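In case you want the letters, here they are:
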Amino acid sequence: MSSGYHTSWKVPPEHREDPEYRAAGRRMDFAQAVYDRRSVLGWSMAELARRADMSEEDIESIEESGVDPTLELIERLATALESGARIDPRTIPEFRFEDHAA
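Conventions used here
Note on numbering: residues in each chain are counted from 1, in written sequence order. The predicted origin of the model limits local features to residues at a pLDDT of at least 70 and limits the giving and counting of side-chain atom pairs to 80 or more, whereas totals for whole chains, interfaces and linings rest on all residues. Side-chain numbers come from the whole structure's heavy atoms, not from hydrogens or water. Only residues whose relative accessible area exceeds 30% and that form no salt bridge enter a patch; like-charged residues are grouped when within 9 Å of one another, and nonpolar side chains (Val, Leu, Ile, Met, Phe, Trp, Tyr) when within 5 Å. Per-residue and other accessible areas were derived by the Shrake-Rupley procedure at a 1.4 Å probe size, with only the shown protein chains allowed to occlude residues. Whenever Lys or Arg places a side-chain nitrogen within 4 Å of a carboxyl oxygen from Asp or Glu, that contact is recorded as a salt bridge. In summary, the charge assignment counts Lys and Arg as positive and Asp and Glu as negative, without counting His or the chain termini. Just so you know, the charge point we use is NZ for Lys, CZ for Arg, CG for Asp and CD for Glu. Numbered from the N terminus, helices here are DSSP runs of H or I no shorter than four residues, and strands are runs of E no shorter than two. Burial here depends on accessible area, computed with a 1.4 Å probe over protein chains only, as a share of the maximum for the residue type. Under 20% is buried, over 50% is exposed, and the range in between is partly exposed. Inter-axis angles, ranging from 0 to 180 degrees, are taken between N-to-C directions of lines fitted to C-alpha atoms, where helices are fitted over the stretch in contact. The labels follow the angle: roughly parallel below 35 degrees, roughly antiparallel above 145, roughly perpendicular from 65 to 115, and oblique for the rest. Crossing chirality is assigned from the near helix's rotation relative to the far helix, an anticlockwise turn below a right angle marking it left-handed and a clockwise turn marking it right-handed. Here a residue-residue contact requires only that any non-hydrogen atoms of the pair lie within 4.5 Å. Residue type decides the class: Asp, Glu, Lys and Arg count as charged, Ala, Val, Leu, Ile, Met, Phe, Trp, Tyr, Cys and Pro as nonpolar, and the leftover types, Gly among them, as polar.

### Some thoughts on a negative patch on the surface
A cluster of acidic side chains, namely E56, E57, D58, E60 and E64, defines a negative patch on the protein surface. Tracing the backbone shows E56 in helix α4 (residues 56-63). For E56, a relative accessible area of 40% gives the class partly exposed.

Rendered as structure tokens:
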């Protein structure tokens, strides 16, 4: 069993409020939310791309944290993922896709 040298990252408080740090965190949360919801649905990247009228490369870029989550993109993906979107900066992760309420 590996003991691991990096069991957790320590981020100085002054970095947590840096706009670039916060933007990177939003991209990562968004990427994870897209991947998680797509996985729950059992879809490939190609299937999500088809449903969202995007390219598979676009979906890959999103899931690699390479795209800022704009409102237009969130709405487009929420519709394609048959879900609602929740953004709450008080939680970790801040962003997630959820099933529509019954």
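### Overview of the packing of helix α3 (residues 45-52) against helix α5 (residues 71-80)
Following both chains from N to C, one finds α3 and α5 inclined at 110°, their axes separated by 9 Å at the closest point. Of the possible angle classes, the one that applies to α3 and α5 is roughly perpendicular. Crossing handedness for the pair α3 and α5: right-handed. Where α3 approaches α5, its residues L48, R51 and A52 are matched on the opposing element by R76, L77 and A80. The class makeup of the residues in the contact of α3 with α5 is four nonpolar, no polar and two charged.

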